[in-house]
Amino acid sequence: IGDLSLELPTGSSVAIIGPNGSGKSTLLKVIAGVIEPTSGSLDTHGASAAIVLQSTDVDDGVPLTVRDVVTMARYPRLGLLRRLSAHDRETVDRAMARLEITDLANRQIHHLSGGQRQRAFVAQGLAQESPILLLDEPLTGLDVRSRSIITSVLAKEHAAGRTIITTTHNFDDAANCELVLLLATRFV
């Protein structure tokens, strides 16, 4: 990415745009704490971040259902050997309902269309209940219905005060955000 310094207001919606290889996904992973910055620092003021990756491969041999995938969002809060609480189950059910995948709850994730699968992973991000939601190209290549559902849910999350940071190549999608960060590569 190179030198980057920015401060984002809590509750903002941010689009990160730039060419392939400019560091969009890397920046999300740094914010999420998945990778350490090579220099400098990051301060989320104690706020946790949920990340929805651009593509998440699930081995066809692993029989994970949609409910399993969304429920995984709750595991970090449970700790070792604790069971899901009523709140955990309600949170999972609410996230699936909002992404209109409740009817797919018992289907294996690798049997879904791309749009259905992406809605399941966005539901997983919501179910983490983190104040920051990071999404790596969440709308790329999706059908009209899935794009509409995800766009609507993200707008409602933003209106409710959650910080939403997405990467995109689509200027129309970026225009829906309050702030746009352009990451550009240098040509020598």
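Here the structure is a predicted model, which is why all the values come from computation and not from measurement.

**Examining unusual backbone geometry**
Despite not being glycine, E129 shows a phi value in the positive range, around 55°. Relative to the helices and strands, E129 is located in the loop between α5 (114-127) and β3 (132-136). Despite not being glycine, E137 has its phi angle at roughly 45°, a positive value.

**A few points about the nonpolar core**
V66, V70, L99, I101, I109 and L133 are the most contacted members of the largest nonpolar core, which totals 32 residues. Contributions of two or more residues to this core are made by β2 (49-52), α2 (66-71), α4 (86-98), α5, β3 and α6 (144-159). Not counting chain neighbours up to four residues away, the residues in contact with I101 comprise V66, V70, M96, Q116, R119, A120 and A123. Membership of the second largest hydrophobic core comes to 12 residues, among which are I16, L27, I31 and A49.

**With respect to the side chain of T166**
With respect to the secondary-structure elements, T166 resides in strand β4 (residues 163-168). When neighbours within four sequence positions are excluded, T166 is seen to be in contact with V14, A15, I16, L135, P138, L154 and C177.

**Brief notes about α5**
For α5, with 14 residues, the first-to-last C-alpha span of 20 Å sits near the 20 Å given by 1.5 Å per residue. Most of α5 sits out of view: 13 of its 14 residues are buried. Just beyond α5, the residue with positive phi is E129, at close to 55°.

**A look at the pattern of salt bridges**
Applying the stated criterion across every chain, the model contains 8 salt bridges. Across the pair R67 and D93 runs a salt bridge, and its minimum N-O distance is 2.7 Å. Here R67 is found in helix α2, whereas its partner D93 is found in helix α4, with 26 residues between them in sequence. Across the pair R162 and E157 runs a salt bridge whose closest N-O atoms are separated by 3.1 Å. For the pair R162 and E157, a shared accessibility class is recorded, and that class is buried.

**Points about the confidence of the model for the chain**
For the chain, mean pLDDT is 88; residues scoring 70 or higher make up 94% of the total. Least confident of the elements in the chain is helix α3 (residues 75-78), whose mean pLDDT is 82; most confident is α4, at 97.

**Describing α4**
End to end, α4 covers 18 Å across 13 residues, agreeing with the expected 18 Å (1.5 Å per residue, within 8%). Along α4, the residues classified as buried are D88, T91, V92, A95 and M96. Buried residues of α4, seen end-on, are gathered within an arc of 130° and therefore sit on one face of the element. Buried-residue contacts for α4 involve α2, α3 and α5. One or two positions beyond α4, positive phi appears at E100, with a value near 55°.

**Quick look at the environment of I31**
Tracing the chain through its elements places I31 in helix α1 (residues 24-32). The spatial distance from the C-alpha of I31 to the C-alpha of P63 is 31 Å, given a sequence separation of 32 residues. Those residues in contact with I31, other than ones at most four positions away along the chain, are L42, T44, A49, L134 and I165.

About the cut-offs
The residue count restarts for each chain, going from 1 along the sequence in the order it is written. Predicted model: local features are reported for residues with pLDDT of at least 70 only, side-chain atom pairs are reported and counted for 80 or more only, and whole-chain, interface and lining totals are derived from all residues. Excluded from the side-chain calculations are hydrogens and water; all other atoms, namely the structure's heavy atoms, are used. Counting from the N terminus, the helices are DSSP H or I runs at least four residues long and the strands are E runs at least two residues long. The term nonpolar core refers to a set of buried residues drawn from Ala, Val, Leu, Ile, Met, Phe, Trp, Tyr and Cys, joined through side-chain atoms within 4.5 Å. Burial status follows relative accessibility: with a 1.4 Å probe on protein chains alone, a residue under 20% of its type maximum counts as buried, one over 50% as exposed, and anything between as partly exposed. Two residues qualify as a contact provided that any one of their heavy atoms is within 4.5 Å of a heavy atom in the partner residue. A helix is expected to span 1.5 Å for every residue after the first. Basic side-chain nitrogens of Lys or Arg form a salt bridge, by our definition, when they fall within 4 Å of a carboxyl oxygen of Asp or Glu. pLDDT is defined as a per-residue confidence score from the predictor, taking values between 0 and 100. The directions from the helix axis to the C-beta atoms form the arc being described.

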